[in-house]
Amino acid sequence: MTDQRVHDDLVAILEETREIGWGEPADYLRDVQRRDLDALAAAVCTTEGEVVGVGHHDRALALQSVSKAFTYAVALQECGLDRVLAFIGVEPSGEAFNELSQLSDGRPFNPLINAGAIMAQALVPGDTLEDREALLLDRYSALAGGQLEVSEEVLRAEQVRADRNFALAHMLASSGMLDVDPHEVVQGYLRQCSVEVTTTQLAVMGATFASGGRNPVSGERVFDERVVQQTLSVMLTCGMYDASGGWVTQVGIPAKSGVSGAMLGVVPGAMGLATWSPRLDSHGNSIRGVELFRRLSDRWDLHVL
Ligand code: DON
C-alpha cells in the first residue's frame, strides 16, 4: 500500500466516523477534555517506518489504560516471564476494567485490567517511585521515538477519583503480593496513565510492537521478541475489557483502549495504528475509535485470522 493510499483511506474513514456524534467522555475527565471533546485523529506507522497521520494527530492526549500494555512489557523485559506470571495471569476477566473482583487465587486475571496494571507497576524495578517512573518514561519514550512526559493536569484529575485503584492496591497488599507501599504503587500507576503522546507517536509505539520490539523509525531495540509476543497475546484476548470477544471477532488485531479515547492496534509484521476520539461507549472504549478500527480492518484486511 502506498502512503497516499493509506492517507486517503484514513481521511475517508475519519469523515465517515465523524458522523457518530453520541457518547460521553468520562465524568472526572470532562474538564480536562473539554476542548478536545470532538477531536478525531488516526495515524499509521508501518514496520518500514513510514508514518501517516490525519485529523488532530499532533495534539497531546493521555495514554491512560493504553499504558498498561507498555508497563506490562517493561515488567516482562526486566523481570522475565516466569516471575511476572507468578503475579499476573493472562485470562480475560469478562468484567469492567476497574471491577473489584479482579483477583483469582490472589493474582489479577490479566495485566490490562486495573488490578493487573497496578501489579505490573509494582514489579517495575526501582527503589523509589521516581526510579520506577524514570525507567518507564525511558522505555515509553524509546517506543515512541521522542521524549514523553506526565501531564500534571491529567494527573490531578486522576488523583481526585482514585478510590477504586487504592482499594485494588490494598487487596493486592492483603494477599501478600506487594512489597512496595500500596499508595506509592497507585501514584505510579496514575502517573503512567497521565503520560501524554500524540496519536502519531502512539502509532509509532504500536509499530515498535509490530516490528518485534525494534522501533522502525529510530532503529532502537526496545523489547525482546518474546516480550512483544506475550504482550500482544494479552492485548488480543484482553485489551478491550469486557468487549474483547466482540473485538477479536470483528477487528481481529491486538489492541488497547484508554479512557482518554485513545486506541492502539498492532498488526504484527505490518503496522501500528492509533486513533483518538474522547467520546466513549459503556465499556470505556472510544465509540468512533472502535468504528474506525472496524472499518480499517475491513478495508485493509487486517484481521490476523
Ligand atoms: O484507572 C483509571 O481509572 C484510569 N486512570 C485509567 C482507566 C482507563 O483508561 C480505562 N479505560 N478505558
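Residues numbered from 1 in each chain as written. Predicted model: local features only at pLDDT ≥ 70, side-chain atom pairs only at ≥ 80, totals over all residues.

Convention followed: UniProt positions are given in the numbering used here, feature names are shortened, and annotations may be inferred rather than shown by experiment.
The name given to the protein in an unreviewed UniProt entry is Glutaminase, with Ornithinimicrobium faecis as the source organism. Its UniProt record gives the protein the following Catalytic activity (unreviewed entry) comment, quoted word for word: "L-glutamine + H2O = L-glutamate + NH4(+)". Under the heading Sequence similarities (unreviewed entry), UniProt records this for the protein: "Belongs to the glutaminase family."

**What to know about the overall build of the protein**
Definition in use: Strands are runs of DSSP state E lasting at least two residues, helices are runs of H or I lasting at least four, and both sets are numbered from the N terminus onward. With the radius of gyration taken over C-alpha atoms, the globule rule is written as 2.2 Å times the number of residues to the power 0.38. Each residue is classed by its C-beta neighbour count within 10 Å, where at least 20 other C-beta atoms makes it buried, 12 or fewer makes it exposed, and intermediate counts make it partly exposed; the C-beta atoms are placed from backbone geometry.
From N to C terminus, the protein includes 13 helices and 10 strands. A globule of 305 residues ought to have a C-alpha radius of gyration of about 19 Å, and the protein, at 18 Å, matches this closely. For the protein, the C-alpha atoms occupy an extent of roughly 55 × 40 × 35 Å along the three principal directions. Looking at the protein as a whole, 56% of its 305 residues are labelled buried.

**With respect to the sheet that holds strand β3 (residues 60-62)**
Which entries qualify depends on this criterion: In this analysis, strands are considered paired if DSSP registers two or more bridges between them.
Reading across the sheet, the 3 strands line up as β3-β7-β6 and stay open at both edges, with antiparallel pairing between neighbours. Lying at the two open borders of the sheet, with one neighbouring strand each, are β3 and β6 (149-150).

**Let's talk about the UniProt feature "binding site: substrate" (unreviewed entry) in the protein**
What counts is decided by this rule: Here the contact rule is simple: place C-beta atoms from the backbone, and any two residues whose C-beta atoms are within 7 Å are in contact.
As recorded in UniProt, the feature "binding site: substrate" (unreviewed entry) lies at Ser 65, Asn 114, Glu 158, Asn 165, Tyr 189, Tyr 241 and Val 259. By the element assignment, Asn 114 lies in helix α5 (residues 114-123). Following the sequence through the fold, Glu 158 ends up in helix α7 (residues 152-160). Setting aside anything within four residues of it in sequence, one finds Glu 158 in contact with Leu 190, Cys 193 and Ser 194.

**Observations regarding the site of the ligand**
In plain terms, the rule: For each residue, a C-beta atom is placed from the backbone, and the residue counts as near a molecule or strand when that atom lies within 6 Å of it. When residues are sorted by character, Ala, Val, Leu, Ile, Met, Phe, Trp, Tyr, Cys and Pro go into the nonpolar class, Asp, Glu, Lys and Arg into the charged class, and all the rest, Gly among them, into the polar class.
Surveying the vicinity of the ligand reveals 13 residues, the closest of which are Gln 64, Ser 65, Cys 193, Val 259 and Gly 284. Here the shell around the ligand is built from residues that sort into 4 nonpolar, 8 polar and 1 charged.

**Comments concerning the sheet that holds strand β1 (residues 41-46)**
Heads up, the condition is: Only the stretch in contact is used when a helix axis is fitted, and all axes are lines through C-alpha atoms; the angle between N-to-C directions ranges over 0 to 180 degrees.
Pairing is antiparallel across the open sheet formed by 5 strands, whose spatial order is β2-β1-β10-β9-β8. In this open sheet, the two strands that pair with only one neighbour each are β2 (51-55) and β8 (255-257). Sheet twist, expressed as the mean angle between neighbouring strand axes with direction ignored, is 10°. In this structure, β8 lies alongside strand β9 (residues 262-267), joined through 3 bridges in antiparallel fashion. The partner of Lys 256 across the bridge, within β9, is Leu 264. Lying over the sheet, helix α13 (residues 287-300) contacts β1, β8, β9 and β10 (271-276), oriented at roughly 145° with respect to β10.

**Re the environment of Gly 49**
Positionally, Gly 49 belongs in the loop between β1 and β2. Using a count of 15 C-beta atoms within 10 Å as the deciding quantity, one classes Gly 49 as partly exposed. The spacing of Gly 49 and Leu 37 is 12 residues in sequence and 30 Å in space, taken between C-alpha atoms. Setting aside its immediate chain neighbours within four residues, Gly 49 contacts Pro 216 and Val 217.

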